[in-house]
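Chain by chain, the residues:
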Amino acid sequence: MSKYISRNTHLVAVSAVALTLSAVAPASASVGKLLWEDNFDSFNNEIWNVDIGDGCDQGICGWGNQELQWYHSDNVSITDISGEPGNRGLLIEARKENIGSKAFSSGKIHSKSKLSVQYGMVETRMKVSSVDTGLWPAIWMLGTSTASWPAKGEIDIMEMGQSEQARIDAGFPNADIDSYTGSNLIFYSDAACNSANPTCAASVAWQTDNAHLSTMPLTDRFVTYRLYWTDTTIRFTVEDQGIEYAMFDQPFTISEESDEFQAPFYLLMNLAVGGNFTDAKMNHQVTAPLPGKMVVDYVRVYEYNGMGEVKVGNSSDPEQGTFGVFTDLTQTDNKLTAGVDSDIYVWNQNSISQGNIAPFEGEQVIAWDYRPNQWFGGGIQARQPSNMSAFAEGELRFRIKIPANVAFKVGISDTYTNENWLTFPANETKYGLVRNGEWAQAVIPVSELAGPLIALQSLKSHFSILSVDGQIPKSPFSMAIDDIIWTGGGASTTPDSDNDGVSDELDQCPNTAPGTQVDANGCAVVSAEYGITQLNTQSVQFYVNTSDWADVHYQINGGVQQNVRMTQNSGRNELVIDGLKVGDEVSYWFTYLKSGGAVDTAQQSFMISPATWM
C-alpha cells in the first residue's frame with residue numbers, strides 16, 4: 001500500500017548551486033533529417049507569440065530577474081539581412097525610451113502552446129550588436145510542463161552580456177564581454193534547496209566553465225549555436241569562424257533528478273536590458289550602445305541520434321471515454337500515474353502528514369492526517385496539459401473517507417491560471433456524497449465543476465481539495481481519497497453498454513439503470529444486512545450489520561471451509577481476507593445473533609473481478 005504526500009513546489013526567482021557534470025563522451029553522433037525550420041522570411045503568428053510588458057501581469061515583475069525593459073510588439077520585426085541579398089531575418093531591437101513604467105523597450109517572442117520540441121539538434125544562426133554593459137540577448141527553451149519554474153526545466157542555448165563576476169566564476173577573468181558567450185541548464189534539485197535559494201533551482205553553469213571566449217568579438221557578425229539533445233544527454237556548441245566549440249567540457253547526463261529534460265520544451269528569443277544576469281541593475285548602469293539589435297537568420301530542428309519530435313499547434317489530443325486521475329482498478333481509456341506523468345501536491349505541509357487509511361481499491365491511496373486549526377489543501381497535477389474538452393457533459397467521480405463534520409471544497413484548474421471550486425458542507429449530502437465518515441462517492445457534473453472560466457482543452461489540475469474559509473477544523477482527523485476518474489468523455493474504446501463503469505465483458509448485471517452504484521461485477525450495491533465487498537484484486541471484506549456477535553463460514557475455490565468469528569466495529573461485524581486473485585470464487589454464509597436467536601443465512605458465491613465499481 002502506498003500513501004502519497006508531496007511538498008508545495010511553487011517556485012519563482014532564480015538562484016543556483018554547483019553541480020558536478022558527468023563525464024560522457026559523445027557516442028557516434030548522427031544529425032538526421034530536418035524536422036522543422038523558420039527562416040523568418042515573414043513573421044508567423046501561428047508559431048510565435050510576442051510578449052508585452054514587464055512581467056508583472058504574469059506575477060514575475062522584471063521577468064523574475066529585475067530586468068529594466070518593457071517588451072513591446074513594435075520592437076519585433078522582419079528585416080533584410082545586410083550583405084546577404086534576398087535573405088531576411090527576425091529583428092529584435094532594444095531602445096532607450098520611456099514606455100510603461102520602464103526607461104527601455106525591447107522585444108521577446110516565444111512558441112508556447114504553438115510549437116514544442118522534444119530531443120534533436122536545435123540550430124540557430126544569429127548576430128547581435130555590442131552588449132557592453134546591460135544588453136542580454138538569449139535564445140532559450142522552457143518546458144511545456146504544468147510545473148512552476150524551475151521544475152519545468154530551462155535550456156539556455158546561448159546567452160551574452162554576463163556580469164563580470166559570472167565570467168570570473170566560469171574561469172574567464174578579464175574576458176572581453178563582446179567575445180564571450182555561454183549556455184546553461186536549470187532544473188529543480190533537493191540538493192539545491194537552502195535559505196538563499198528557496199526555489200531549489202540547480203544551475204549547471206554555476207561557477208563552472210560553461211562558455212566560449214572567442215579570439216575576436218562575437219558581435220556584429222553571424223554566429224551559429226547548436227543544442228544536441230537526447231533522452232540521456234545534452235550538450236551545447238558554438239560555431240565560431242568555421243570551427244565548432246563545445247561550451248562545456250563534457251555533455252550533461254540527464255538523471256532521474258533532472259528528468260524535466262525528458263519532456264517537450266518551447267522556444268524563446270529575447271533581448272533583455274539589465275537585470276541580475278548583467279552588471280546593470282539600474283538604468284544609469286546601462287552603457288551598451290542603443291538601439292541594440294539581435295538578428296536571427298533562422299532556427300532549425302533536426303533529428304539527432306535517431307531522436308527528435310516537433311509538434312505544431314495544441315500538442316495534446318483530446319482524452320475520451322473514461323479518464324483516470326488516481327485509480328488502480330477502474331477500467332479507463334487513459335489515466336495519469338502519480339510519479340510518472342502526474343504529481344500529488346500538499347499545499348500546507350504544516351497541516352498535513354502521511355496517513356494510514358487503507359485504499360478503497362487497488363494498492364495506492366492518498367491518505368493524510370490533519371493537524372488542527374490550520375487550513376489544508378492539495379491536489380493532483382498532470383505534468384503536461386490535458387485536453388479534457390470531450391468531457392464537457394461528463395462527470396468527475398471520486399471516493400473519499402473524511403469525518404462528516406469537516407467541510408471541504410473540490411476544484412480544478414487550467415494552464416491559464418483559472419480555477420473553480422465547489423463546496424461540500426459538513427454533515428450534508430451533496431453530489432451524492434453520503435457524509436457518514438466512511439468511504440463514499442461523489443459524482444460532480446463537469447459543467448458545474450468547470451464553471452464559466454475553466455479551459456477544459458488545457459487542464460492542469462484534474463482534482464484538488466481545500467478547506468473552507470471560516471470552517472477550519474479544530475480537531476485532528478484522518479482522511480483518504482481514492483478512485484478519482486472522469487467519465488462521459490464520448491466514445492470509449494472499452495465497450496460499456498449501460499455506462500456503469502464495468503466493461504460488457506465483465507458485467508454480470510447488464511442494463512443497470514443510469515446512476516446506480518454498482519459493485520465489481522456491475523451489479524447494484526444494495527444496503528444489505530450482510531454481504532461481501534471487494535476491496536481490490538487481492539482482498540474482500542465480509543460484513544454483518546449487527547451489534548451482537550457474528551461468524552462467517554467461507555471457502556475459496558471449493559477448498560477447506562473456514563469458520564471465523566468476525567470483529568465488532570461500531571455496530572458492524574467485519575472480516576477482511578487477503579491473498580486472493582482475479583477469478584477466485586468465494587463461497588460464504590453467516591451465522592449471527594438477532595433478537596430471536598442465532599440465524600444462519602443461505603450460502604452465496606462471489607467471484608474476484610479485475611474491475612472496480614463506479
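Residue indices begin from 1 for each chain and proceed along its sequence in written order. Given that the model is predicted, a residue must reach a pLDDT of at least 70 before its local features are reported, and side-chain atom pairs must reach 80 or more before they are shown or counted; all residues, however, enter totals for whole chains, interfaces and linings. The basis for the side-chain values is all heavy atoms of the structure; hydrogens and waters are excluded.

J.: How should the overall build of the protein be read in this particular structure?
T.: What counts as a helix is a DSSP run of H or I of at least four residues, what counts as a strand is a run of E of at least two, and both are numbered from the N terminus. A tally of helices and strands in the protein yields two helices and 43 strands. Going through the 614 residues of the protein one by one, you find that 52% of them count as buried. Of all intrachain contacts in the protein linking residues separated by at least 6 positions in sequence, the fraction that spans at least 24 positions is 72%. Note on areas: these come from Shrake-Rupley sampling with a 1.4 Å probe, and a residue is covered only by the protein chains present in the view. Counting every atom, the protein has about 25900 Å² of accessible surface; 47% of that belongs to carbon and sulfur. Here the protein carries 36 positive and 72 negative side-chain charges, and the mean point of each set is 4 Å from the other. Note on classification: 1.4 Å probe, protein chains only; a residue is buried when its accessible area is under 20% of the maximum for its type, exposed when over 50%, partly exposed between these limits. A contact between two residues is defined here by any heavy atoms of the two lying within 4.5 Å. The positive count covers Lys and Arg only, the negative count covers Asp and Glu only, and His and the chain ends enter neither. By convention, charge coordinates are those of NZ in Lys, CZ in Arg, CG in Asp, or CD in Glu.

J.: Help me out: how do you make sense of the pattern of salt bridges in this one?
T.: Any two side chains of opposite charge can pair, on the condition that their charged atoms come close. Salt bridges, as used here, are contacts in which a Lys or Arg side-chain nitrogen is within 4 Å of a carboxyl oxygen on Asp or Glu. Under the defined criterion, the tally for this structure stands at 20 salt bridges. Residue Arg 226 is joined to Glu 123 by a salt bridge in which the shortest nitrogen-to-oxygen separation is 2.6 Å. Residue Arg 226 is found in strand β16 (residues 223-229), and its partner Glu 123 is found in strand β10 (residues 120-128); the two are separated by 103 residues along the sequence. Across this residue pair, the class does not change: Arg 226 and Glu 123 are buried. Arg 397 serves as the salt-bridge partner of Glu 395, at 2.9 Å between the closest nitrogen and oxygen. Residue Arg 397 is classed as buried on the basis of its relative accessible area, which comes to 14%. Residues joined by salt bridges that share partners form a network here, namely Glu 93, Arg 95, Glu 97 and Lys 293.

J.: What should I look at first to understand the packing of aromatic side chains in this one?
T.: Pairing of aromatic side chains here covers Phe, Tyr and the six-membered ring of Trp, requires ring centres within 6.5 Å, and sorts the geometry by plane angle: under 30 degrees stacked, over 60 edge-to-face, intermediate tilted. Summed over the entire model, instances satisfying the criterion amount to 29 aromatic pairs. Geometrically, the ring pair formed by Phe 391 and Trp 486 is edge-to-face, given 6.0 Å between the ring centres and 85° between the ring planes. Here the residue Phe 391 occupies a position in the loop between β28 (377-386) and β29 (395-401), and Trp 486 occupies one in strand β34 (residues 477-489), the gap between them amounting to 95 residues. Exposure class is identical for Phe 391 and Trp 486. Each is buried. Cluster of aromatic residues (ring-pair linked, three or more members): Tyr 119, Phe 187, Trp 229, Phe 252, Phe 261 and Phe 265. Across the ring face of Phe 104, the terminal group of Lys 96 is positioned such that the distance to the ring centre comes to 5.4 Å. Think of it as a cone above the ring: NZ of Lys or CZ of Arg counts as a charge over the ring if it is within 6 Å of the ring centre and within 35 degrees of the ring normal.

J.: What exactly am I supposed to notice about unusual backbone geometry here?
T.: In most cases, non-glycine residues show a negative phi, while peptide bonds are predominantly trans. Cis geometry is found at the peptide bond from Trp 149 to Pro 150, where omega equals 10°. Structurally, Pro 150 is set in the loop between β11 (135-143) and β12 (154-159). Of the consecutive residues Leu 290 and Pro 291, the connecting peptide bond is found in the cis state with omega at 5°. Positionally, Pro 291 belongs in the loop between β20 (265-273) and β21 (292-304). The backbone phi angle of Asp 132 is positive, close to 40°, even though this residue is not glycine. Position of Asp 132 among the secondary structure elements: in the loop between β10 and β11.

J.: Help me understand the sheet that holds strand β36 (residues 540-544) in this model?
T.: Hydrogen bonding along the main chain pairs the strands of a sheet, whether they run parallel or antiparallel. Across the sheet, four strands lie side by side as β35-β36-β40-β39; this open sheet has antiparallel pairing. Only two strands of the sheet have a single partner each, and these edge strands are β35 (530-534) and β39 (567-568). Two strands pair when backbone bridges link them, and β36 and strand β40 (residues 573-577) are joined in this way by five bridges, in the antiparallel orientation. Its bridge partner being in β40, Phe 542 is matched across the sheet by Leu 575. Strand pairing is defined by DSSP finding a minimum of two bridges between the two strands.

J.: Quick question: what am I supposed to make of the nonpolar core here?
T.: Generally speaking, a soluble globular protein has its nonpolar side chains buried in company with each other. With 58 residues, the main nonpolar core has Ile 155, Trp 229, Phe 261 and Met 269 as its most contacted residues. Among the elements that make up this core, the one with the highest residue count is β20 (five residues). With near-sequence residues (within four places) excluded, Trp 229 lies in contact with Val 117, Gln 118, Tyr 119, Gly 120, Met 141, Ile 155, Ile 234, Ile 254, Phe 261, Ala 263, Phe 265 and Tyr 304. The definition of a nonpolar core used throughout is a set of buried Ala, Val, Leu, Ile, Met, Phe, Trp, Tyr and Cys residues joined through side-chain atoms within 4.5 Å. One finds Ile 366, Ile 412, Ala 440 and Ile 444 within the second-largest nonpolar core, a separate group that totals 44 residues.

J.: How should the confidence of the model for the protein be read in this particular structure?
T.: Per-residue confidence from the predictor is reported as pLDDT, which spans 0 to 100. Taken over all residues, the pLDDT of the protein has a mean of 89, while the share at 70 or more is 91%. In this model residues 1-27 is a low-confidence stretch, pLDDT under 50, and it forms 92 contacts with partners more than four residues away in sequence or in other chains.

J.: Help me understand the state of the cysteines, please; the structure alone is not making it clear to me.
T.: Any pair of cysteine sulfurs within 2.5 Å is marked as a disulfide. Tallied over the full model, the rule gives two disulfides. At a sulfur-sulfur separation of 2.0 Å, the disulfide partner of Cys 56 is Cys 61. Here the S-S torsion is close to 130°, and the disulfide linking Cys 56 with Cys 61 is therefore right-handed. Put simply, Cys 193 and Cys 200 are joined by a disulfide, and their sulfur atoms are 2.0 Å apart. Note on the Cys 193 and Cys 200 pair: the S-S dihedral is about 115°, so by sign convention the disulfide is right-handed. On the accessibility criterion, Cys 193 (33% relative accessible area) is partly exposed.

J.: In this structure, what is going on with the pairing of strand β6 (residues 88-99)? I would like to understand it.
T.: Sheet faces and side chains relate simply in a regular strand, where the side chains alternate between the two faces. One ladder, built from five bridges, connects strand β5 (residues 76-80) with β6; its direction is antiparallel. The residue bridging Asp 80 from the neighbouring strand is Arg 88, located in β6. Inspection of the sheet shows β6 paired to β21 by five bridges, in the antiparallel sense. By the bridge assignment, Ile 92 is partnered in β21 with Met 294. As defined by bridge partners, β6 adjoins strand β7 (residues 102-106) across three bridges and the pair is classed as antiparallel. Of the residues in β7, the one forming a bridge with Arg 95 is Ser 105. Hairpin remark: β6 followed by β7, antiparallel, with two residues in the connecting loop; positive phi at Gly 100, about 60°.

J.: Explain the sheet that holds strand β25 (residues 342-346) here, please?
T.: Reading across the sheet, the five strands line up as β25-β28-β33-β30-β31 and stay open at both edges, with antiparallel pairing between neighbours. A single partner strand is all that each edge strand has here, and the edge strands are β25 and β31 (419-424). This sheet shows a mean twist of 15° between the axes of neighbouring strands, independent of strand direction. The pairing of β28 with strand β33 (residues 459-467) spans six bridges and is antiparallel. In the sheet register, Gln 381 faces β33, and the bridge partner there is Ser 461. Note on method: axes are straight lines fitted to C-alpha atoms, helices fitted across the in-contact stretch only, with angles between N-to-C directions ranging 0 to 180 degrees.

J.: Hey, could you run me through the pairing of β36 in this one?
T.: Of all the five residues making up β36, five are buried; the element is thus mostly covered by neighbouring parts of the structure. By the bridge criterion, five bridges tie β35 to β36 in an arrangement that is antiparallel. Paired with Thr 533 across the two strands is Gln 541, which belongs to β36. What sits between the antiparallel neighbours β35 and β36 is a turn of five residues.

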